[in-house]
Amino acid sequence: MAKYRKIGILSSGGDAPGMNAAIRAVTRKALAEGIEVVGILEGYNGLINGNFTELDTHAVSNIITHGGTILYSSRCPEFKTEEGMAKAIKTCEDNQIDAIVAIGGDGTFRGATDLTNHGIPSIGIPGTIDNDITATEYTIGFDTAMNTVLQLIDYLRETCESHARCNIVEVMGRDCGMIALYAGISAGAVIIAIPEVPFDEEFAIDKLKKARANGKRGLIAVFAEGMSANHDHEYSEKFVEKLQNATGIDTRFARLGHVVRGGSPTLRDRLTATNMGTAAVSCLLEGKSNVVMCMQGGKVTAVDINYALILDRMYKGKIQEGDLDNFSPDAIAEMKSTCAFRQAKIENLYKMSYEICE
Ligand code: ADP
Ligand code: F6P
């Protein structure tokens, strides 16, 4: 069993509801195992600048109900440089920090791998509302974000119903349509547009016309932010005019934006964060590092970070030369099948949403 005296915990990248629940779980589990915990402030910036806060059991009391992250977050380009990394390692040495738990997305995990390679064992916990990390079926914050979107769309539906209007709602998801897809289906949207599936404008407009012809007054179209990356800048906002011209239906636009990153985490986010946080400390004690805690088949599983990062690149069609060199044919086949499974799940849900939208 590996012995650690003091570990650091940080949150990095876009914040997500449930990050605090993960911070609490890591802290309480580590303290129960006789390990001291320091909170590193503002992600990898705090590691470079030695900006810490001591975390005792009292410091994490009552944070489970709060969105955001008590440790704050930031983007830290300096951490990607050799000088930045050298400063971070020195901070760990000077403060006797033996290991790091980093909560965030794929960028955060790249940082955790670099730390491990420089002698500080690190573990990742997936925290992002987007649910866009291929190795895990679930990321902390996704459920809260979807429920917030759902509530806001329900409000919009009421006014759409009153005025016989359509509302195009754009939701976060830079490269990923999961929030738009799940919340769109659950809100009874007529149109859903996500970057993972080709968007047939004519087909979608036709669906809207049919829904109106069937007597539907209030009409909702949910677009993922990532549609703009595949098409024009502000694609969803520009679609308002297209839709209006083609259907004659009075149409409004709402970009939900960062409001969806806030709020008290749902039960699912608190529970997942607690499971992943305690499992991360257990992994360290078992001598594991350079892993990310993933939800697979409903179970928290430790997945090698390099595997998770390359799998993610494969899913996003961004594999670079040499990426697969260190993986066995069996591992590559497993990666391909995970990607195919994820894509098929999304495509099936997308198809289903259009089958019942009129
Ligand atoms: P997310 O973790 O949500 O993907 P970012 O991509 O912004 O968010 O990454 C968060 C932080 O992780 C970055 O600001 C940087 O400090 C660190 N990071 C990102 N990419 C790398 C990398 N290639 N090497 C080392 N650190 C990285
Ligand atoms: O948390 C992920 C995410 O919400 C993306 O969907 C979005 O594009 C991005 O963060 C925006 O983050 P920021 O404005 O903090 O850079």
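Structure: above.
As the structure is a prediction and not an experimental result, all values here were calculated from the model.

Enquirer: Whenever I open this one, the pattern of salt bridges confuses me. Can you help?
Expert: Here the idea is simple: oppositely charged side chains can pair when their charged atoms come close. What the rule picks out here adds up to 15 salt bridges. Of the charged contacts in the structure, one is a salt bridge between E36 and R5, with a shortest N-O distance of 3.5 Å. Separated by 31 residues along the polypeptide, E36 in strand β2 (residues 36-40) and R5 in the segment before β1 (6-11) bring together distant segments of the chain. We note a salt bridge from R313 to D323, for which the minimum N-O separation is 2.8 Å.

Enquirer: So what exactly am I meant to see when it comes to the side chain of S122 here?
Expert: One can find S122 in strand β5 (residues 122-126). Note on S122: relative accessible area 0%, which makes it buried. A distance of 3.0 Å separates a polar side-chain atom of S122 from the backbone oxygen of I120. Those residues in contact with S122 that sit more than four places away from it in its chain are I100, A112, L115, T116, S289, N290 and V291.

Enquirer: How should the site of ligand 1 be read in this particular structure?
Expert: Lining the immediate surroundings of ligand 1 are 15 residues, of which R75, C76, G105, D106 and T108 lie closest. At 2.9 Å, a side-chain N or O of R75 approaches an oxygen atom of ligand 1. Against a free-state accessible area of 560 Å², the protein chains account for coverage of 82% of ligand 1. Broken down by element, the shell around ligand 1 gets its largest block of residues, 6 residues, from helix α4 (residues 106-117). By residue class, the composition of the shell around ligand 1 is 3 nonpolar, 7 polar and 5 charged.

Enquirer: I tried to follow the sheet that holds strand β3 (residues 52-54) on my own but got confused; where do I start?
Expert: Paired through their backbone hydrogen bonds, the strands of a sheet run either parallel or antiparallel. One open sheet holds the 7 strands; their spatial order is β3-β2-β1-β4-β5-β10-β11, and the pairing between them is mixed. Each edge of the open sheet is held by one strand with a lone partner, namely β3 and β11 (299-304). Here the strands of the sheet are splayed against their neighbours by 30° on average, with no regard to which way each runs. Where strand β4 (residues 99-104) lies against β5, 5 bridges are found, and the strand directions are parallel.

Enquirer: Explanation requested: the packing of helix α7 (residues 201-213) against helix α9 (residues 235-247) in the structure shown.
Expert: Helix-helix packing is described using two parameters, namely the angle between the two axes and the distance between the axes. Between α7 and α9, the least distance of the axes is 11 Å, while the angle of their chain directions is 55°. Taken together, the axes of α7 and α9 are oblique relative to one another. As α7 packs across α9, the resulting crossing turns out to be right-handed. For the pair α7 and α9, the contacting residues are E201, I205, L208 and K209 in the first and Y235, F239, K242, L243, A246 and T247 in the second.

Enquirer: Would you mind showing me how to read the site of ligand 2 here?
Expert: All residues adjacent to ligand 2 are R75, I129, D130, M172, G173, R174, E225, H258 and R261. In this structure, an oxygen atom belonging to ligand 2 sits 2.9 Å away from a side-chain N or O atom of D130. Between an oxygen atom of ligand 2 and a side-chain N or O atom of E225, the distance comes to 2.9 Å. Taken by itself ligand 2 offers 400 Å² of open surface, and the protein chains cover 79% of this. Its residues assigned to classes, the shell around ligand 2 shows 2 nonpolar, 2 polar and 5 charged. Formed jointly, the shell around ligand 2 draws a minimum of three residues from each of two domains, domain 1 (6-141 + 265-309) and domain 2 (142-262 + 344-356).

Enquirer: What should I look at first to understand the packing of aromatic side chains in this one?
Expert: Think of a pair of aromatic rings as described by two things: how far the centres are apart, and how the planes are tilted against each other in angle. Summed over the entire model, instances satisfying the criterion amount to 12 aromatic pairs. A ring pair is formed by F223 and F239, whose centres lie 5.3 Å apart and whose planes are at 45°; its orientation type is tilted. Note that F223 is positioned in strand β8 (residues 219-224) and F239 in helix α9, a separation of 16 residues in sequence. What makes F239 buried here is its relative accessible area of 1%. The interplanar angle of 35° and the centroid separation of 6.0 Å between the aromatic rings of Y235 and F239 together place this pair among those described as tilted. With Y235 and F239 both in helix α9, this residue pair falls 4 residues apart, about one helical turn. Across this residue pair, the class does not change: Y235 and F239 are buried.

Cut-offs used in this document
- Residues numbered from 1 in each chain as written.
- Chains lettered and ligands numbered in written order.
- Predicted model: local features only at pLDDT ≥ 70, side-chain atom pairs only at ≥ 80, totals over all residues.
- Heavy atoms only, no water.
- Salt bridge = Lys/Arg side-chain N within 4 Å of Asp/Glu carboxyl O.
- Helix = DSSP H or I, 4+ residues; strand = E, 2+ residues; numbered from the N terminus.
- Buried < 20%, exposed > 50% of the residue type's maximum accessible area, 1.4 Å probe, protein only.
- Polar contact = N/O pair within 3.5 Å; in protein donor to acceptor, adjacent residues only side chain to side chain.
- Contact = heavy atoms within 4.5 Å.
- Near = heavy atom within 4 Å.
- Areas by Shrake-Rupley, 256 points an atom, 1.4 Å probe, with all protein chains shown as cover.
- Nonpolar A, V, L, I, M, F, W, Y, C, P; charged D, E, K, R; others polar.
- Pairing = 2+ DSSP bridges.
- Axes fitted to C-alpha atoms, helices over the stretch in contact; angles between N-to-C directions.
- Parallel < 35°, antiparallel > 145°, perpendicular 65-115°, else oblique.
- Left-handed = near helix turned anticlockwise from the far one by under 90°.
- Domains from an automatic or database assignment.
- Phe/Tyr/Trp six-rings, centres within 6.5 Å; stacked < 30°, edge-to-face > 60°.

Treat this as a map of the structure, not an account of what it does.
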